[in-house]
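What follows is the residue order along each chain.
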Amino acid sequence: MQCGFCQPGMILSAHALLEKTASPSREEITAALGGNLCRCTGYTKIVEAVQRVARSEDISKGLVQGPPAEGFSILGARARKPDGIGKAVGELPYTDDIALPRMLHGRILRSPYAHARILSIDLSQALALPGVYAAVVGADLPKAYCVIPWTPDETALCTDKVRYVGDGVAAVAAVDEETADAALALIKVEYEVLAPVLDLDTAEKAAGVPVHERDWKGRPRLDNLCKEVALSFGEVDEGFAAAAAVVEGEWFYEGSSHAPIEPHCAIGTWDALGRLTLYSSTQVPHYLQRALSEVLEVPLDRVRVVRPAIGGAFGGKSEPFDLELCAALLSKRAGRPVKILYTREEVFLAHRGRHPMEMKLRVGASADGKITAVENDLRLDGGAYHSFGMVTTWYSGQLLTGPVHLPAYRFRSRRFYTNKPCCGPKRGHGTVQPRFALECALDELSEKLGIDPIDLRRRNALVSGDETINGQSIPSLGLLQCLERVETLSGWKERRGKLPFGKGLGVACSMYISGTAYPIHPTELPQSGVMLSADRSGIVRVACGAADIGQGSDAMLMTVVSEVLGIDPDAVRVESQDTDRAPVDLGSYSSRVTLMCGIAAQEAAMGMRQAMISALAGAWQVDEARIGVGPGSWFDLQDPGRHVGVAEVLRLAEIAAGRPLVSAGGFRTRKLGGKYQGGTIGASPAYSTTAHVAEVSVDPETGIVTVDKLWAAHDCGRALLPTLVEGQIEGSTAMGLGEALFEAHTVDSRGLLAQPSLLEACLGTSVETPPIVASIVETIDPVGPFGAKEAGEGPLHSTIPAIANAIHDAVGVRIRRTPFSPERVLAALKEQGRC
Amino acid sequence: MITFPKSIEAAASSPGQRRAGGTDVQELRHLGIRSDDLVDLRDCPGLDRFEQAEDGLHLGAGISLTRIAQDAAVKEQYPALAEAAGGLATPQIRNRASLAGSLLQEVRCWYYRHPDQQCAKKGGAVCLARQGDHLYHSCFDTGVCVAPHPSTMAAALWAYDALVELDDASLLDIPTLLGDGTDPRRTHHLAPGRLVVAVHLPPPPPKGELAAYGRAISRARAEWPLAELVVRLGLDKKGEKIDWARLVMGGVANRPLRLSVLEEALVGQPPTDETFARLAPMAIEGAKPLPMTGYKLRIIPGLVREQLLRAMEGAA
Ligand SMILES: Cc1cc2nc3c(=O)[nH]c(=O)nc-3n(C[C@H](O)[C@H](O)[C@H](O)COP(=O)(O)OP(=O)(O)OC[C@H]3O[C@@H](n4cnc5c(N)ncnc54)[C@H](O)[C@@H]3O)c2cc1C
Ligand code: FES
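Since this is a predicted model, take the numbers as computed values, not measurements. (Residues numbered from 1 in each chain as written. Chains lettered and ligands numbered in written order. Predicted model: local features only at pLDDT ≥ 70, side-chain atom pairs only at ≥ 80, totals over all residues.)

## Quick notes on the overall build of chain A
Turning to step 1, where the next piece is worked out: The secondary structure content of chain A amounts to 24 helices and 26 strands.
Turning to step 2, where the next piece is worked out: Here chain A has a C-alpha radius of gyration of 27 Å; the compact-globule value for 835 residues is 28 Å, and the two agree.
Turning to step 3, where the next piece is worked out: Expressed along its principal axes, the backbone C-alpha trace of chain A runs to roughly 80 × 75 × 65 Å.
Turning to step 4, where the next piece is worked out: The buried share among the 835 residues of chain A stands at 62%.
Turning to step 5, where the next piece is worked out: Taking contacts inside chain A between residues at least 6 apart in sequence as the whole, the part at least 24 apart equals 79%. (Helix = DSSP H or I, 4+ residues; strand = E, 2+ residues; numbered from the N terminus. Rg over C-alpha atoms; globule rule 2.2 N^0.38 Å. Buried ≥ 20, exposed ≤ 12 C-beta atoms within 10 Å, placed from the backbone. Contact = placed C-beta atoms within 7 Å.)

Next up, the structure:
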């Protein structure tokens, strides 16, 4: 289980199946779960769980389910998540489960036009409706904000213009949602409709009224260019001149949305002292706290953000949203708590998903398959606002320089504003798209040069300790191991090229960051803090603001502390939900949490451990070097018969200190990256790497692509909790599969969102998600906590090009545009003369 | 307001929207497309009728699609109907969805379902999909609205010449119930206030049949197909020639299409892949794709051939 939001439904469907069919096959299980969407797991672990129940496996009730890695007391063990059972039985509240006394419900009026000026808004009739307590418009919260502090270009509700169909115009709080909806219908808005900018060409031409007519400094703006970055490394032209083969083309990656199964929800409430508490389904409580403080003009210390359990996020909840700001303001105006829950359509409108990206890419290689040069010209369709756009633009170029070595590399990346829902960071932020293009081009190169595609990647592989052409140093990198793993597991050597027409195998690889050295708000303060305090009952509290969005950061903190202190994980209580109670962590984005919070937790735990060692050595009157730690109890290394429970050690340490035992740890950012402007962007303390092999069937008559199996090998440094790492690999791979085959987030010629529901968004179900073989590669990173690095985003990237390359192997056509839908595959087959 | 009438008469005389499984009704209400009173059919006796009568099988309007998919009698006598019922939507939806509701559900066009959009089906001037995004819409132009008819069961019941029994005891065949597709406002022609109480299936052909249902779909579950087909074939005594054929296609026009020309062409032919491959393209005769739906014409012949072959598997 990950976020757990789907679990009760899954359990009911599984129960219904097992009542009728005692030992169901995999197909029977996936069919029975076919109507229950899960966005996190790729269904792999869920199917396995049903199989285990069907086999009546004896499943222990404890948190730890298996032996640890060698030399450790818990690290590497199969373990339950501390929140697992609570979520499965529906006990742990998500934001919408919370109901405060006297609570009102808010709704937001949204623009029916893609681009229009607001001439007037009349709230009088809405306010007169019985049951309505407050109504607000953009002018009530005029302060512009953005998660990136340099580019504030949006307001809680539109003040002058609406910029996409669905942009917020006014908000109402009433006794219930129905009344609030009725009030919205009574709001009169006068618009002056403008011609919308709906595609990249129109955006670049900048013929009509620009999406934003002023920049964030108030200067007039004549075009729609939001951010442009161009950099060049090494001798690119020489590289192409020396190439024996060049692949060149235009690739297009379609936008898609995160579609967490839990819709965004927020509750605002003010206490009698004028302090705001905001409950929200957010993955960045700290940035939300800052935005609330700035926009509502309340000092930071009077804003408290509570993050209940989160039902999935994937980057879609990593910045402030209109509902949070509106719930806070409406609550202030109404003098009562106000809850706003997005409808499913609003989740898709709030979006901040994958940028549609057009890539003109050129790759050259020598006759022996060594890449000589790469050039990429990208255009990003950013939608109506900036969001993380500046970062996306940088990432789209800066993060492509590994895991295959690019000796010469040039890119230009331009992000444009359009009148569409705003794009932002979706799992694998900024790089999934160019990675798709590059990995497909590498496949074409290997075909041209007659080199096996896995070999081609091997010949260009970076290894631990290397530095990329743009100056990113890579402490550890297991690309070669990952390639070998998927090569062996998939039977590549024996099967590739020998499958019948319509069946194919494809490979691809990728690399991703484990956090960024450069935080969003430049600061000398640590990016992450952990506070430990021990209680005489024998528990250790771990306070850390890390947002557990389902990925298991609470479990990670629990495990690190439990390992260092040799304490039973059940005695470790993680407090991560409340900004009043836990030290700041910047948030769950950029795959930073395991590395940064893990290091902070390790440091804090080492501090406490030292105090405990001293106290015990003192009590036993022995040298500190003689104290052995855990699991479960502490002992005398020279006299193992002499041992004592951890609770007793904690008690001794508290007596010795004469005060409660506390300890803090932090993650401090080191300077990393190249010495040029932008050199720090994409510079990470550590990098993960992945390789995928996909096996597909393509029906040449219908163009329907079926993925039969996926093998994914991922180097996560060290798997602190292997089940969770596998879960991330499986979930990422499944999400990649959806983007490759089904998903899109597009608008029609008037700017209407064409996928306003889960039906149109086409997330993969258990039926079309094939078996995913997730394999962990460990390179024991020198920087990460116990050698760990990221696993949550990297394993998405190479899924998509692996599938594209497998389609080529199956039917001989290259598809350079996602998703690989039947009509595209048919068109390619026709164009490329394959049928 | 919701009422739970205790008899068919009471239900028929209660104004408001009928709710059976509610899998479509609830969504339409949620989106604000319908907001009238609800008449829930839960307590109406007789809607769960399952009768083997002299004139065939009578299935109550409230019977679930899961039951139709799994019932031994349906599977034996009306195999493609059972296959269609088991092949649509998801297990969870099929458990809830009723036979009548599946026939009378609304189109899934996202313009129609958009709360702020007035398409032709909602009384607006034009079909917004026709001018807009219609990748999943019709490739046969049978009327103003180009949303494909949503009902898989309608195609299957038509292929079995089923009759729909109303609360006033009148019987309608499927083409009459659905109309010819020219009126964009009507997805079906059930008079307001009328109630469907049952569906009558005529007795199976004495010499048996070979049948199949299949769909072309990129995502296996939780989605309507790009095209779907119900096939029924009768062979001569020796099994060498096709005696009669029944093919009804869905997902391609604003009502299911009976492929009469292809049916006639199949009669008298040997039931071989050669025949099927040669004649399958007739299924797209008369098609008039929209700018974005031309690809469906390439899919259909493959689907037709595949389902004819699948039907023949039953002969082996
Ligand atoms: C994810 C998903 C995928 C789907 N895929 C398919 C598919 O591939 N093919 C397909 O055909 N369907 C598909 N469906 C639709 C599904 O089959 C219908 O929603 C369902 O059959 C409706 O049945 P119901 O009993 O819930 O109807 P309700 O929602 O209760 O009613 C539907 C309509 O029928 C009317 N009605 C119901 N009973 C009566 C009665 N006795 N007399 C008069 N009027 C009545 C109601 O007033 C309403 O207008 C899918 C649905 C979902 C959610
Ligand atoms: S665990 Fe299934 S949706 Fe998150």
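Now, onward.
## Some words on the overall build of chain B
Turning to step 1, where the next piece is worked out: Counting secondary structure elements, chain B contains 13 helices and 12 strands.
Turning to step 2, where the next piece is worked out: In terms of overall dimensions, chain B is globule-like: its C-alpha atoms have a radius of gyration of 19 Å, near the 20 Å expected for 316 residues.

## Some remarks on the site of ligand 1
Turning to step 1, where the next piece is worked out: What surrounds ligand 1 is a group of 33 residues, the closest being G21(B), A97(B), S98(B), G101(B) and S102(B).
Turning to step 2, where the next piece is worked out: Among the chains of the assembly, those with residues near ligand 1 are chains A and B.
Turning to step 3, where the next piece is worked out: Within the residue set of the shell around ligand 1, elements represented by two or more residues are β2 (17–19), α6 (91–96), α7 (99–104) and α9 (152–159) of chain B.
Turning to step 4, where the next piece is worked out: Of the residues that constitute the shell around ligand 1, the class distribution is 18 nonpolar, 11 polar and four charged. (Near = placed C-beta within 6 Å. Nonpolar A, V, L, I, M, F, W, Y, C, P; charged D, E, K, R; others polar.)

## Topic: the interface of chain B and chain A
Turning to step 1, where the next piece is worked out: Residue-level contacts link 23 residues of chain B with 27 residues of chain A.
Turning to step 2, where the next piece is worked out: Here the residues of the side of chain B that touches chain A sort into 10 nonpolar, six polar and seven charged.

## Quick word on helix α9 (residues 285–296) of chain A
Residues and elements named next belong to chain A.
Turning to step 1, where the next piece is worked out: For α9, spanning 12 residues, the distance from its first C-alpha to its last is 16 Å, which sits close to the expected 16 Å at 1.5 Å a residue.
Turning to step 2, where the next piece is worked out: Among the 12 residues of α9, nine are classified as buried, and the element is accordingly described as predominantly covered.
Turning to step 3, where the next piece is worked out: Where α9 is concerned, the buried positions are P285, H286, Y287, L288, Q289, R290, A291, L292 and V295.
Turning to step 4, where the next piece is worked out: On its buried face, α9 is in contact with β10 (276–280), β11 (303–306) and α10 (322–334).
Turning to step 5, where the next piece is worked out: Among the residues trailing α9, E297 stands out with phi positive, at a value near 55°. (Expected span 1.5 Å × (residues − 1).)

## Points about the domain arrangement of chain A
Residue and element names in this part refer to chain A.
Turning to step 1, where the next piece is worked out: Its domain assignment divides chain A into domain 1 (7–96), domain 2 (101–194 + 263–310 + 317–350), domain 3 (357–518 + 674–831) and domain 4 (528–667).
Turning to step 2, where the next piece is worked out: On a C-alpha basis, the centroid separation for the pair domain 2 and domain 3 is 36 Å.
Turning to step 3, where the next piece is worked out: Taken together, the contacts link 19 residues of domain 2 with 23 residues of domain 3.
Turning to step 4, where the next piece is worked out: Of the residues belonging to the side of domain 2 that touches domain 3, the class tally is eight nonpolar, four polar and seven charged. (Domains from an automatic or database assignment.)

## Some thoughts on the sheet that holds strand β3 (residues 38–40) of chain B
Residue and element names in this part refer to chain B.
Turning to step 1, where the next piece is worked out: Read across the sheet, three strands follow the order β1-β3-β2 without closing on themselves; strand pairing throughout is parallel. The open sheet has two edge strands with one neighbour each: β1 (2–3) and β2.
Turning to step 2, where the next piece is worked out: Taken together, the two bridges between β1 and β3 define a ladder with parallel strand orientation. Directly across from T3, in β3, lies its bridge partner V39. (Pairing = 2+ DSSP bridges.)

## Some details on the nonpolar core
Turning to step 1, where the next piece is worked out: Judged by nonpolar contacts, the single largest core of 357 residues is most densely connected at A170(A), C326(A), V542(A), V561(A), I803(A) and I807(A).
Turning to step 2, where the next piece is worked out: Residue contributions to this core peak at 14 residues, all from helix α18 (residues 593–620) of chain A.
Turning to step 3, where the next piece is worked out: Grouped together as the second largest cluster of nonpolar side chains are 13 residues, W110(B), C127(B), C145(B) and A147(B) included. (Core = buried A, V, L, I, M, F, W, Y, C linked by C-beta atoms within 7 Å.)

## Here we look at the domain arrangement of chain B
All names here are of chain B.
Turning to step 1, where the next piece is worked out: In terms of domains, chain B is made up of domain 1 (46–201) and domain 2 (210–313).
Turning to step 2, where the next piece is worked out: Centre-to-centre, using C-alpha coordinates, domain 1 lies 19 Å away from domain 2.
Turning to step 3, where the next piece is worked out: Between domain 1 and domain 2, the contact holds 34 residues from the first and 33 residues from the second.
Turning to step 4, where the next piece is worked out: Elements that contribute at least two residues to the side of domain 1 that touches domain 2 include exactly α5 (79–87) and α9.
Turning to step 5, where the next piece is worked out: Sort the elements by how many residues they give to the side of domain 1 that touches domain 2 and α9 lands first, with six residues.

## Overview of the packing of helix α17 (residues 553–565) of chain A against α18(A)
Geometry of a packed helix pair, given as the angle between the helix axes and the separation of the axes.
All names here are of chain A.
Turning to step 1, where the next piece is worked out: The N-to-C vectors of α17 and α18 enclose an angle of 30°; their axes lie 9 Å apart at closest approach. With respect to α18, the axis of α17 lies roughly parallel. In the packing of α17 onto α18, the handedness of the crossing is right-handed. Side by side, α17 and α18 meet where S553, M556, L557, V560, V561, V564 and L565 of the first sit next to V593, T594, C597, G598, A601, Q602, A605, M606, M608 and R609 of the second.
Turning to step 2, where the next piece is worked out: In the contact of α17 with α18, the residues fall into 12 nonpolar, four polar and one charged. (Axes fitted to C-alpha atoms, helices over the stretch in contact; angles between N-to-C directions. Parallel < 35°, antiparallel > 145°, perpendicular 65-115°, else oblique. Left-handed = near helix turned anticlockwise from the far one by under 90°.)

## Comments concerning the packing of α9(A) against α10(A)
All names here are of chain A.
Turning to step 1, where the next piece is worked out: Between α9 and α10, whose axes approach to 11 Å, the crossing angle comes to 50°. In terms of their interaxial angle, α9 and α10 are classed as oblique. For the element pair α9 and α10, the recorded crossing hand is right-handed. Residues L288, L292, V295 and L296 of α9 form the contact with α10, whose participating residues are E324, L325, A328 and L329.
Turning to step 2, where the next piece is worked out: Looking at the contact of α9 with α10 residue by residue, the classes come out as seven nonpolar, no polar and one charged.

## With respect to the pairing of strand β26 (residues 772–777) of chain A
Residue and element names in this part refer to chain A.
Turning to step 1, where the next piece is worked out: Along β26, five of the six residues are buried, which leaves the element largely enclosed by surrounding structure.
Turning to step 2, where the next piece is worked out: In this sheet, β26 lies alongside strand β25 (residues 705–715) in parallel orientation, the contact comprising six bridges. Note on β26: the bridge partner recorded for L710 is I772.

## A few points about the sheet that holds strand β9 (residues 265–270) of chain A
Residues and elements named next belong to chain A.
Turning to step 1, where the next piece is worked out: If you trace the seven strands from one edge of the open sheet to the other, you get β3-β5-β1-β12-β9-β10-β11, paired in mixed fashion. Bordering the open sheet on either side are β3 (132–137) and β11, each of which pairs with just one other strand. The mean angle between the axes of side-by-side strands here comes to 20°, regardless of whether they run parallel or antiparallel.
Turning to step 2, where the next piece is worked out: Of the strand pairs in this sheet, β9 and β10 are connected by five bridges, and their pairing is antiparallel.

## Overview of α10(A)
All names here are of chain A.
Turning to step 1, where the next piece is worked out: The terminal C-alpha atoms of α10, which comprises 13 residues, lie 18 Å apart, in line with the 18 Å expected from a rise of 1.5 Å per residue.
Turning to step 2, where the next piece is worked out: Judged by how many residues are buried, α10 sits mostly within the fold: 11 of 13 residues are covered.
Turning to step 3, where the next piece is worked out: Of all the residues in α10, the buried ones are D322, L323, E324, L325, C326, A327, A328, L329, L330, S331 and A334.
Turning to step 4, where the next piece is worked out: Phi turns positive, to about 70°, at G335, one or two residues after α10.

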